[in-house]
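So the chains spell out like this:
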Amino acid sequence: MASFRTAVVTSLLSERPGLQRVEVDGEPAYVLTDLIGPVGLGDRVVVNTTAVELGLGTGGWHVVHWNLSRDSWSRPGPGTVMKLRYTSLQVDTGASEEVLGYQVPEGLGGVPVVACALHSQVGCVVAAVAHAAPGTRVVYVMTDAAALPLALSDLVADLRDAGLLAATITCGQAFGGDHEAVTLHSALEVAVAGARAQVVVVGPGPGGVGTSSRLGFGGLEVAAVVDAAARLDGRPVVALRYSDVDPRERHRGISQHTLAALWAAERPALVAVPAGAGDRPEVEERHRVVEFDVPDMAKVLAKLGLEVTTMGRGPADDPGFFQHAGAAGVAAVELLGG
(Lines give C-alpha, C1' and ligand atoms only; values in the text may rest on other atoms or scores of the structure.)
Protein backbone atom coordinates (compact mmCIF):
# COMPACT_ATOMS: atom_id res chain seq x y z
CA MET A 1 0.00 0.00 0.00
CA ALA A 2 1.06 3.60 -0.52
CA SER A 3 2.72 5.77 2.15
CA PHE A 4 2.44 9.56 2.30
CA ARG A 5 3.70 12.35 4.56
CA THR A 6 4.02 16.11 4.49
CA ALA A 7 7.38 17.82 4.02
CA VAL A 8 8.95 21.15 3.07
CA VAL A 9 10.87 21.81 -0.16
CA THR A 10 14.39 22.61 1.07
CA SER A 11 16.32 22.66 -2.22
CA LEU A 12 15.70 22.91 -5.98
CA LEU A 13 18.20 20.60 -7.69
CA SER A 14 17.32 20.71 -11.41
CA GLU A 15 14.48 21.30 -13.83
CA ARG A 16 13.51 20.35 -17.37
CA PRO A 17 10.16 20.15 -19.19
CA GLY A 18 7.80 18.01 -17.14
CA LEU A 19 10.19 17.38 -14.23
CA GLN A 20 11.69 19.08 -11.20
CA ARG A 21 14.23 17.34 -8.96
CA VAL A 22 14.15 18.75 -5.46
CA GLU A 23 14.90 17.94 -1.86
CA VAL A 24 12.16 17.73 0.74
CA ASP A 25 13.37 17.97 4.33
CA GLY A 26 16.83 17.30 2.87
CA GLU A 27 15.82 14.10 1.04
CA PRO A 28 15.68 13.71 -2.78
CA ALA A 29 12.30 13.85 -4.50
CA TYR A 30 10.89 14.67 -7.90
CA VAL A 31 7.89 16.63 -9.13
CA LEU A 32 5.94 15.76 -12.28
CA THR A 33 5.05 19.31 -13.16
CA ASP A 34 2.66 18.34 -15.96
CA LEU A 35 0.48 16.72 -13.30
CA ILE A 36 0.67 19.02 -10.26
CA GLY A 37 2.55 22.12 -11.41
CA PRO A 38 5.94 23.31 -10.13
CA VAL A 39 7.01 23.80 -6.53
CA GLY A 40 9.19 26.46 -4.93
CA LEU A 41 11.57 26.72 -1.99
CA GLY A 42 9.72 26.60 1.28
CA ASP A 43 6.55 25.10 -0.19
CA ARG A 44 4.83 22.56 2.03
CA VAL A 45 4.04 19.44 0.03
CA VAL A 46 2.60 15.94 0.31
CA VAL A 47 5.08 13.27 -0.77
CA ASN A 48 4.63 9.61 -1.62
CA THR A 49 7.42 7.83 0.28
CA THR A 50 6.62 4.24 -0.74
CA ALA A 51 9.54 3.63 -3.13
CA VAL A 52 12.13 4.83 -0.63
CA GLU A 53 10.62 2.71 2.12
CA LEU A 54 10.84 -0.34 -0.17
CA GLY A 55 14.47 0.41 -1.02
CA LEU A 56 13.86 0.46 -4.77
CA GLY A 57 16.67 1.37 -7.17
CA THR A 58 15.75 3.46 -10.22
CA GLY A 59 12.44 4.49 -8.70
CA GLY A 60 13.77 5.00 -5.18
CA TRP A 61 12.87 8.68 -4.83
CA HIS A 62 10.11 10.42 -2.96
CA VAL A 63 7.41 11.68 -5.33
CA VAL A 64 5.71 15.00 -4.67
CA HIS A 65 1.98 14.25 -4.78
CA TRP A 66 0.56 17.74 -4.13
CA ASN A 67 1.69 21.25 -3.25
CA LEU A 68 -0.13 22.37 -0.11
CA SER A 69 1.12 25.94 -0.64
CA ARG A 70 -1.42 26.51 -3.42
CA ASP A 71 -5.18 26.12 -3.32
CA SER A 72 -5.58 24.94 -6.90
CA TRP A 73 -3.73 24.29 -10.14
CA SER A 74 -5.04 23.74 -13.64
CA ARG A 75 -3.68 23.49 -17.14
CA PRO A 76 -6.23 22.45 -19.76
CA GLY A 77 -5.20 19.57 -21.98
CA PRO A 78 -5.51 19.31 -25.75
CA GLY A 79 -8.30 16.79 -26.04
CA THR A 80 -10.50 14.32 -24.22
CA VAL A 81 -8.31 11.21 -23.94
CA MET A 82 -7.20 10.59 -20.34
CA LYS A 83 -4.14 8.76 -19.06
CA LEU A 84 -3.62 7.47 -15.52
CA ARG A 85 -7.34 6.90 -15.75
CA TYR A 86 -9.40 6.49 -12.59
CA THR A 87 -6.57 7.59 -10.32
CA SER A 88 -6.31 10.89 -8.43
CA LEU A 89 -3.75 12.00 -11.02
CA GLN A 90 -5.77 11.28 -14.16
CA VAL A 91 -4.84 13.86 -16.77
CA ASP A 92 -6.07 14.92 -20.19
CA THR A 93 -3.09 14.26 -22.43
CA GLY A 94 -5.07 14.06 -25.63
CA ALA A 95 -3.95 11.58 -28.26
CA SER A 96 -2.41 11.96 -31.68
CA GLU A 97 -5.21 9.86 -33.11
CA GLU A 98 -7.70 12.42 -31.75
CA VAL A 99 -5.97 15.80 -31.50
CA LEU A 100 -3.82 15.99 -34.60
CA GLY A 101 -6.27 14.21 -36.83
CA TYR A 102 -3.67 12.11 -38.61
CA GLN A 103 -4.97 10.42 -41.70
CA VAL A 104 -2.81 7.47 -40.79
CA PRO A 105 -2.30 4.98 -43.61
CA GLU A 106 -2.54 1.37 -42.67
CA GLY A 107 0.82 -0.27 -42.17
CA LEU A 108 4.42 0.78 -41.65
CA GLY A 109 5.69 0.28 -45.18
CA GLY A 110 8.60 -1.93 -44.18
CA VAL A 111 10.10 0.44 -41.59
CA PRO A 112 12.42 -1.39 -39.16
CA VAL A 113 11.06 -1.63 -35.61
CA VAL A 114 13.57 -2.52 -32.87
CA ALA A 115 12.07 -4.12 -29.78
CA CYS A 116 13.96 -3.49 -26.53
CA ALA A 117 13.30 -5.12 -23.17
CA LEU A 118 15.25 -2.56 -21.11
CA HIS A 119 15.42 1.22 -21.27
CA SER A 120 19.23 1.19 -21.43
CA GLN A 121 19.08 -0.84 -24.65
CA VAL A 122 17.30 2.09 -26.30
CA GLY A 123 20.37 4.29 -25.87
CA CYS A 124 22.65 1.66 -27.42
CA VAL A 125 20.34 1.05 -30.38
CA VAL A 126 19.93 4.77 -31.12
CA ALA A 127 23.69 5.35 -30.82
CA ALA A 128 24.46 2.45 -33.17
CA VAL A 129 22.02 3.81 -35.75
CA ALA A 130 23.54 7.28 -35.49
CA HIS A 131 27.04 5.86 -35.93
CA ALA A 132 26.15 3.67 -38.92
CA ALA A 133 23.83 6.11 -40.70
CA PRO A 134 24.07 9.69 -39.38
CA GLY A 135 20.92 11.72 -39.92
CA THR A 136 18.52 8.77 -39.83
CA ARG A 137 15.17 9.79 -38.36
CA VAL A 138 14.83 7.64 -35.25
CA VAL A 139 11.61 7.77 -33.25
CA TYR A 140 11.30 6.28 -29.77
CA VAL A 141 8.02 4.72 -28.69
CA MET A 142 7.91 4.41 -24.90
CA THR A 143 5.53 1.77 -23.60
CA ASP A 144 3.88 1.61 -20.20
CA ALA A 145 5.79 -1.48 -18.99
CA ALA A 146 7.99 0.51 -16.57
CA ALA A 147 8.05 4.21 -15.63
CA LEU A 148 5.01 6.03 -17.00
CA PRO A 149 6.33 9.63 -17.21
CA LEU A 150 8.78 10.10 -20.09
CA ALA A 151 10.08 13.22 -18.32
CA LEU A 152 11.87 10.94 -15.83
CA SER A 153 14.25 9.57 -18.47
CA ASP A 154 17.69 11.17 -18.29
CA LEU A 155 18.65 8.95 -21.23
CA VAL A 156 15.94 10.35 -23.49
CA ALA A 157 16.86 13.89 -22.45
CA ASP A 158 20.50 13.20 -23.39
CA LEU A 159 19.52 11.62 -26.72
CA ARG A 160 17.36 14.63 -27.55
CA ASP A 161 20.13 17.07 -26.57
CA ALA A 162 22.51 15.17 -28.85
CA GLY A 163 20.04 15.42 -31.75
CA LEU A 164 19.70 11.65 -32.05
CA LEU A 165 15.94 11.35 -31.60
CA ALA A 166 13.56 12.94 -34.09
CA ALA A 167 10.52 12.46 -31.84
CA THR A 168 9.13 10.53 -28.91
CA ILE A 169 5.75 8.82 -28.56
CA THR A 170 4.23 7.57 -25.31
CA CYS A 171 1.61 4.87 -25.59
CA GLY A 172 -0.87 3.16 -23.31
CA GLN A 173 -0.71 4.78 -19.86
CA ALA A 174 2.78 6.22 -20.44
CA PHE A 175 2.68 9.97 -21.02
CA GLY A 176 4.80 13.00 -21.83
CA GLY A 177 6.03 12.22 -25.36
CA ASP A 178 5.95 14.61 -28.30
CA HIS A 179 2.98 12.52 -29.40
CA GLU A 180 0.54 10.59 -27.22
CA ALA A 181 -0.95 7.34 -28.50
CA VAL A 182 -3.73 5.15 -27.17
CA THR A 183 -2.21 1.79 -28.10
CA LEU A 184 1.09 0.27 -29.18
CA HIS A 185 -0.28 -0.45 -32.65
CA SER A 186 -1.42 3.11 -33.22
CA ALA A 187 1.84 4.45 -31.75
CA LEU A 188 3.78 2.57 -34.45
CA GLU A 189 1.62 4.07 -37.18
CA VAL A 190 1.88 7.57 -35.67
CA ALA A 191 5.67 7.13 -35.53
CA VAL A 192 5.82 6.52 -39.27
CA ALA A 193 2.96 8.65 -40.60
CA GLY A 194 3.14 11.49 -38.05
CA ALA A 195 6.78 11.61 -36.98
CA ARG A 196 8.20 10.35 -40.31
CA ALA A 197 10.35 7.68 -38.67
CA GLN A 198 12.88 5.78 -40.72
CA VAL A 199 13.66 3.57 -37.72
CA VAL A 200 11.34 3.02 -34.77
CA VAL A 201 12.79 1.95 -31.41
CA VAL A 202 10.26 0.59 -28.92
CA GLY A 203 10.95 -0.05 -25.25
CA PRO A 204 9.95 0.66 -21.68
CA GLY A 205 10.90 3.72 -19.70
CA PRO A 206 13.34 3.70 -16.77
CA GLY A 207 12.98 1.00 -14.17
CA GLY A 208 11.11 -2.20 -14.79
CA VAL A 209 9.50 -5.16 -13.16
CA GLY A 210 11.02 -8.61 -13.12
CA THR A 211 10.60 -11.80 -11.15
CA SER A 212 12.29 -15.16 -11.23
CA SER A 213 9.24 -16.69 -12.91
CA ARG A 214 9.28 -17.58 -16.59
CA LEU A 215 6.66 -15.06 -17.73
CA GLY A 216 6.32 -12.58 -14.87
CA PHE A 217 8.39 -9.67 -16.16
CA GLY A 218 7.79 -6.45 -18.08
CA GLY A 219 10.16 -7.34 -20.91
CA LEU A 220 7.74 -9.99 -22.15
CA GLU A 221 6.15 -7.11 -24.07
CA VAL A 222 8.93 -7.62 -26.66
CA ALA A 223 6.68 -10.37 -28.03
CA ALA A 224 3.79 -7.92 -28.43
CA VAL A 225 6.06 -5.41 -30.16
CA VAL A 226 7.30 -8.04 -32.62
CA ASP A 227 3.77 -9.18 -33.42
CA ALA A 228 2.41 -5.64 -33.78
CA ALA A 229 5.27 -4.53 -36.05
CA ALA A 230 4.96 -7.61 -38.25
CA ARG A 231 1.18 -7.37 -38.49
CA LEU A 232 1.51 -3.72 -39.59
CA ASP A 233 4.05 -4.54 -42.32
CA GLY A 234 7.05 -3.37 -40.35
CA ARG A 235 10.28 -5.32 -40.02
CA PRO A 236 10.78 -6.33 -36.37
CA VAL A 237 14.28 -6.60 -34.90
CA VAL A 238 14.90 -7.92 -31.39
CA ALA A 239 17.63 -6.42 -29.21
CA LEU A 240 19.03 -9.33 -27.22
CA ARG A 241 19.49 -8.84 -23.50
CA TYR A 242 22.92 -10.25 -22.72
CA SER A 243 25.40 -10.05 -19.86
CA ASP A 244 28.62 -11.75 -18.82
CA VAL A 245 28.57 -10.36 -15.29
CA ASP A 246 24.99 -10.14 -14.06
CA PRO A 247 24.86 -11.83 -10.65
CA ARG A 248 21.52 -13.44 -11.52
CA GLU A 249 21.98 -16.69 -13.39
CA ARG A 250 18.86 -16.16 -15.53
CA HIS A 251 20.43 -13.03 -17.02
CA ARG A 252 23.95 -14.33 -17.67
CA GLY A 253 24.66 -14.95 -21.32
CA ILE A 254 21.47 -14.45 -23.30
CA SER A 255 18.79 -13.61 -20.76
CA GLN A 256 16.02 -16.11 -20.18
CA HIS A 257 13.66 -13.14 -20.41
CA THR A 258 14.65 -12.57 -24.04
CA LEU A 259 14.25 -16.24 -24.86
CA ALA A 260 10.81 -16.28 -23.25
CA ALA A 261 9.73 -13.24 -25.27
CA LEU A 262 10.93 -14.84 -28.52
CA TRP A 263 9.00 -17.97 -27.61
CA ALA A 264 5.86 -15.89 -26.96
CA ALA A 265 6.10 -13.92 -30.22
CA GLU A 266 3.92 -15.50 -32.90
CA ARG A 267 5.39 -13.54 -35.82
CA PRO A 268 8.97 -13.92 -37.08
CA ALA A 269 11.65 -11.42 -36.08
CA LEU A 270 15.25 -10.73 -36.97
CA VAL A 271 17.42 -11.51 -33.92
CA ALA A 272 20.64 -9.49 -34.12
CA VAL A 273 23.88 -10.95 -32.75
CA PRO A 274 27.36 -9.35 -32.80
CA ALA A 275 29.69 -11.15 -35.19
CA GLY A 276 32.01 -13.49 -33.34
CA ALA A 277 30.04 -13.33 -30.10
CA GLY A 278 30.03 -17.09 -29.92
CA ASP A 279 26.73 -17.29 -28.05
CA ARG A 280 23.84 -17.66 -30.47
CA PRO A 281 20.35 -17.96 -29.04
CA GLU A 282 18.44 -21.16 -29.58
CA VAL A 283 15.11 -19.84 -30.80
CA GLU A 284 12.10 -21.13 -32.69
CA GLU A 285 12.58 -21.69 -36.42
CA ARG A 286 10.29 -18.77 -37.33
CA HIS A 287 12.93 -16.30 -36.09
CA ARG A 288 16.07 -15.48 -38.05
CA VAL A 289 19.35 -15.13 -36.13
CA VAL A 290 21.85 -12.97 -38.04
CA GLU A 291 25.35 -11.81 -37.13
CA PHE A 292 26.32 -8.17 -37.68
CA ASP A 293 29.64 -6.36 -37.46
CA VAL A 294 29.22 -4.04 -34.49
CA PRO A 295 31.62 -1.19 -33.71
CA ASP A 296 33.06 -0.86 -30.21
CA MET A 297 30.01 0.56 -28.45
CA ALA A 298 32.10 2.10 -25.68
CA LYS A 299 33.85 4.24 -28.30
CA VAL A 300 30.59 4.99 -30.14
CA LEU A 301 28.88 6.20 -26.98
CA ALA A 302 31.91 8.25 -25.93
CA LYS A 303 32.15 9.91 -29.35
CA LEU A 304 28.47 10.86 -29.16
CA GLY A 305 28.90 12.18 -25.63
CA LEU A 306 26.47 9.66 -24.14
CA GLU A 307 26.72 7.95 -20.78
CA VAL A 308 24.59 4.80 -20.76
CA THR A 309 24.48 2.33 -17.90
CA THR A 310 22.55 -0.84 -17.21
CA MET A 311 22.02 -1.94 -13.62
CA GLY A 312 24.74 0.57 -12.75
CA ARG A 313 27.23 -0.98 -15.18
CA GLY A 314 28.85 0.84 -18.09
CA PRO A 315 30.44 -0.52 -21.29
CA ALA A 316 33.73 -1.26 -19.54
CA ASP A 317 31.93 -3.35 -16.91
CA ASP A 318 29.61 -5.35 -19.16
CA PRO A 319 30.70 -4.96 -22.81
CA GLY A 320 28.58 -7.86 -24.02
CA PHE A 321 25.38 -6.10 -23.03
CA PHE A 322 26.25 -3.02 -25.07
CA GLN A 323 27.54 -4.96 -28.10
CA HIS A 324 24.38 -7.07 -28.31
CA ALA A 325 22.11 -4.03 -28.02
CA GLY A 326 24.21 -2.19 -30.59
CA ALA A 327 23.80 -5.13 -32.99
CA ALA A 328 20.08 -4.40 -33.20
CA GLY A 329 20.80 -0.82 -34.27
CA VAL A 330 23.21 -2.00 -36.96
CA ALA A 331 20.58 -4.50 -38.15
CA ALA A 332 17.97 -1.75 -38.45
CA VAL A 333 20.31 0.34 -40.61
CA GLU A 334 21.07 -2.60 -42.89
CA LEU A 335 17.33 -3.22 -43.30
CA LEU A 336 16.97 0.36 -44.56
CA GLY A 337 19.02 -0.54 -47.57
CA GLY A 338 17.18 -3.68 -48.54
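Anyway, here's the lowdown on the structure attached to this text. (Residues numbered from 1 in each chain as written. Predicted model: local features only at pLDDT ≥ 70, side-chain atom pairs only at ≥ 80, totals over all residues. Heavy atoms only, no water.)

Strand order around the closed barrel formed by five strands is β1-β2-β3-β5-β4, with mixed pairing between neighbours. Strand-to-strand twist in this sheet, taken as the mean axis angle between neighbours without regard to direction, amounts to 55°. Both strand β3 (residues 27–32) and strand β5 (residues 62–67) contribute to a ladder of two bridges, which runs parallel. By the bridge assignment, Tyr30 is partnered in β5 with Val63. (Pairing = 2+ DSSP bridges. Helix = DSSP H or I, 4+ residues; strand = E, 2+ residues; numbered from the N terminus. Axes fitted to C-alpha atoms, helices over the stretch in contact; angles between N-to-C directions.)

Turning our eyes to something else, we now look at the sheet that holds strand β12 (residues 199–203). If you walk across this open sheet you meet the eight strands as β11-β10-β9-β12-β8-β13-β16-β17, and the pairing is parallel. Each edge of the open sheet is held by one strand with a lone partner, namely β11 (179–181) and β17 (288–292). With direction set aside, neighbouring strand axes in the sheet form an average angle of 25°. As defined by bridge partners, strand β16 (residues 270–274) adjoins β17 across five bridges and the pair is classed as parallel.

Looking at where Gln20 falls in the secondary structure, it is placed in strand β2 (residues 19–24). Those residues in contact with Gln20 that sit more than four places away from it in its chain are Ser14, Glu15, Ala29, Tyr30, Val31, Thr33, Pro38 and Val39. (Contact = heavy atoms within 4.5 Å.)

This part is about the layout of surface pockets. Roughly 390 Å³ of volume is contained in the second largest pocket. If you go around the second largest pocket, you meet 21 residues; those closest to its centre are Asp34, Leu35, Arg75, Val91 and Asp92. Looking at side-chain class alone, the lining of the second largest pocket contains nine nonpolar, eight polar and four charged residues. (1 Å grid on protein atoms, 1.4 Å probe; cavity = no way out; pocket = protein on both sides within 12 Å on 5 of 7 lines; lining within 4 Å. Points joined across faces, edges and corners; volume = space filled by probe spheres on them. Nonpolar A, V, L, I, M, F, W, Y, C, P; charged D, E, K, R; others polar.)

Further remarks concern the pattern of salt bridges. One pass over the structure, following the stated rule, counts eight salt bridges. Linking Arg5 and Glu27 is a salt bridge whose minimum nitrogen-to-oxygen distance equals 2.7 Å. Here Arg5 is found in strand β1 (residues 4–16), whereas its partner Glu27 is found in strand β3, with 22 residues between them in sequence. On the basis of relative accessibility, which here comes to 29%, the residue Arg5 falls in the partly exposed class. A salt bridge links Asp318 to Arg313; the shortest N-O distance between them is 3.3 Å. What makes Asp318 buried here is its relative accessible area of 0%. (Salt bridge = Lys/Arg side-chain N within 4 Å of Asp/Glu carboxyl O. Buried < 20%, exposed > 50% of the residue type's maximum accessible area, 1.4 Å probe, protein only.)

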